[in-house]
Structures are given as C-alpha cells and as structure tokens.
Amino acid sequence: MLIPNNSGFPKKHSTLNSLISTCNSLYQAYDSNLSSRIVFHDLSKAFDRVDHTCLLFKIQQLGIDGPLLNFLSSYLSQRSQVVLISRKLSDLKYTSCSVPQGSVLGPLLFLIFVNDIAKNINASISLFADDTALYYSAKCPLHLVLSQDLSTLYNWSKVWNINFNPSKTAVMTISNQRNIHPPSYFNNIHLSETDTHKHLGLIFHHSLSWHTHILHLHQKVMTKINRLRSFSNSLPRHSLLTIYK
C-alpha cells in the first residue's frame, strides 16, 4: 500500500536505501551529460502537524474500514498532554494533531499520512520520513518541470496543513555544462542556491565529489581523537579503550 519512495521506517530500509537511489540517479545523469537540479526539502515539525481527521480519511482511502478503522480512530481520539515545569503540572489539554511519538504505530501512521506526497510529481522524489529530495535531470531547461512540481508540493502542503521549512530548503545544480538556470521559488519564496548540502548525513557536492564529505568526517574524527589525547596520560588504558570504542 505504501509508496517505495519513502525509506523511513519500513523494515530493512534505512537512509542508505534513499541515498544510494538518489546518488545512482544523479551519477547516471552526470555520465550522460545531463544537468540535474535537486531541491532538498524539510517538513516543519511534521510529526506534530498530522491532523487526526485527515489521517483517518487517508487510512480509509487505503481501503481500511470496519473494526480496524474504529480501533485507529479510538487510538487517536481524546489524546491529552501536560507540561511539567519545576514539579508543577499544567492543565490537561487535548490535541487533535500529531502521531504518538515513541509508539509502535506512530511511524506507520506518519507514512500513511505522507503516502500521497508524490502524486502528480513529474520529477524523481526520494523520501526519508520528513526529509524530501526532489530532483530532475535533462539537457535543459530544468526550470519548468521543477517549478510545476514545487507548486504541486506547495498545494499538497496547504491541503493537508503541513509546512515546508523554507530556511532549510536548498537548491543544487549538478552539471558539467555551463547552463544558467533561473531561480527556483516555493510559495513565492526564493530558494537559496548552494554548492554543498548535508542530506541524511551525506554531504552532497555540486560536482558529485566526495571530497567535502570526507573532509567533514576527517575533522569530526580528529576532534574526538584530540580529546582522547588530552587525557591519555590521566586515565587507565581500559578506560581509554572503552571511550575509544
């Protein structure tokens, strides 16, 4: 029932599946002298904004009804929350949004909610929970298709009351040609162009080079090694080994 584009939470899927698929498509396009344009999207507080009424509607659209639908409706209804500050509890409030985080059903319900996000999208789309990468490859121009898809994504977000975070949205052009691409907009907001972007732990570079990512990992590891070195003479070896591992 669920689209294969989303690698977040399904069994035997991880960020690796999403990254391999995306990188493979971009490398194939690059080797074929095609230009690629990729938009990295971030859903703002996506788990918290899942409307229960909309979610139940989408569950019905998948053909789930009867006792199971009633069970899910009961599971989502009358969910309450409180805030604890300095040993004092706030008044109890009921919420009609969000999937129960930390629960077994929470991730599955979220996948159902975003299952139709790729509908009417012409470009390739890769999802991992609330991280979205939209990319398209062609000779040129790339602007038209992505503009239509960005408009489709925006309309989807408004219908289902989900917000994309423009400040964490970036556009990257991957090409061995000197084509000039028009700026991209999402909800009339100009999306910033970037040469590098970290997506699902991997730093993408506009030349598809691994240099920036390897340099980042090297610096990260050296910081930790230097910390170990700073107290290597004051701790016993078995403690150092435990910290190292």
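Thresholds applied
- Residues numbered from 1 in each chain as written.
- Predicted model: local features only at pLDDT ≥ 70, side-chain atom pairs only at ≥ 80, totals over all residues.
- Heavy atoms only, no water.
- Patch = residues over 30% accessible without salt bridge, like charges linked within 9 Å, V, L, I, M, F, W, Y side chains within 5 Å.
- Areas by Shrake-Rupley, 256 points an atom, 1.4 Å probe, with all protein chains shown as cover.
- Salt bridge = Lys/Arg side-chain N within 4 Å of Asp/Glu carboxyl O.
- Lys, Arg positive; Asp, Glu negative; His and termini not counted.
- Charge placed at Lys NZ, Arg CZ, Asp CG, Glu CD.
- Helix = DSSP H or I, 4+ residues; strand = E, 2+ residues; numbered from the N terminus.
- Buried < 20%, exposed > 50% of the residue type's maximum accessible area, 1.4 Å probe, protein only.
- Expected span 1.5 Å × (residues − 1).
- Arc of directions from axis to C-beta.
- Contact = heavy atoms within 4.5 Å.
- Pairing = 2+ DSSP bridges.
- Core = buried A, V, L, I, M, F, W, Y, C linked by side-chain atoms within 4.5 Å.

(A) Seen up close, a positive patch on the surface. Positive charge collects at one region of the surface, where Lys 198, Lys 220, Lys 224 and Arg 227 lie side by side. Counting through the fold element by element, Arg 227 comes out in helix H6 (residues 211–230). Using a relative accessible area of 54% as the deciding quantity, one classes Arg 227 as exposed.

(B) Seen up close, helix H1 (residues 15–31). Given a rise of 1.5 Å per residue, 17 residues ought to cover 24 Å, and the 24 Å separating the end C-alpha atoms of H1 matches this to within 8%. Three or more residues of H1 are buried, namely Ser 18, Leu 19, Thr 22, Cys 23, Leu 26 and Ala 29. For H1, the angular spread of the buried residues around the axis is 125 degrees, confining them to a single face. Facing away from the buried side of H1, by more than 90 degrees, are the exposed residues Leu 16, Ile 20, Gln 28 and Asp 31. Structurally, H1 contributes buried residues whose contacts are with strand S1 (35–42), strand S6 (124–128), strand S7 (131–138), strand S8 (170–174), strand S12 (196–199) and strand S13 (202–205). Two residues or fewer after H1 comes Asn 33, characterised by a positive phi angle close to 60 degrees.

(C) Highlighting helix H3 (residues 66–76). What H3 keeps buried is the set Leu 69, Leu 72 and Leu 76. Seen end-on, H3 carries its buried residues on one side only, within an arc spanning 60 degrees. Of the residues in H3, the exposed ones pointing more than 90 degrees away from the buried face are Pro 67, Asn 70 and Ser 74. Residues of H3 that are buried make contact with helix H2 (52–61), strand S2 (79–81) and helix H4 (105–113).

(D) The sheet that holds strand S11 (residues 192–193), seen in detail. One open sheet accounts for five strands, arranged S6-S7-S1-S8-S11; its pairing is mixed. Two strands in the sheet have a free side with no partner beyond their single neighbour: S6 and S11. As judged from the two bridges shared by S8 and S11, these two strands associate in the parallel manner. Within S11, the position partnered with Val 171 by the bridge is Glu 193.

(E) Up close: the nonpolar core. Counting residues in each nonpolar core, the largest one holds 50 residues, and the members touching the most others are Ile 38, Leu 55, Ile 59, Phe 110, Phe 113, Leu 134 and Phe 204. Contacts of Phe 113, omitting those with residues within four sequence positions, involve Val 50, Asp 51, Cys 54, Leu 55, Lys 58, Trp 156, Trp 160 and Ile 162.

(F) Up close: the pairing of S1. Counting buried residues along S1, eight of its eight residues qualify, which places the element largely inside the surrounding structure. Burial along S1 is two-sided: Ser 35, Arg 37, Val 39 and His 41 facing one way and Ser 36, Ile 38, Phe 40 and Asp 42 facing the other are all buried. Here eight bridges tie S1 to S7, and the two strands are oriented antiparallel to one another. Bridging across to S7, Ser 36 finds its partner in Ser 137. Note that S1 and S8 share five bridges and pair antiparallel. Residue Val 39 lies in a different strand from S8, and its bridge partner there is Val 171.

(G) A look at the pattern of salt bridges. For the structure on display, the rule yields two salt bridges. Across the pair Glu 193 and Arg 37 runs a salt bridge whose closest N-O atoms are separated by 2.6 Å. Of this pair, Glu 193 sits in strand S11 while Arg 37 sits in strand S1, and the two are 156 residues apart along the sequence. Its relative accessible area of 42% is what places Glu 193 among the partly exposed residues. For Arg 37, a relative accessible area of 1% gives the class buried. The salt bridge partner of Asp 116 is Lys 58, with a shortest N-O separation of 2.9 Å. With Asp 116 in the loop between H4 and S6 and Lys 58 in helix H2, the pair connects residues that are 58 residues apart, well separated along the chain.

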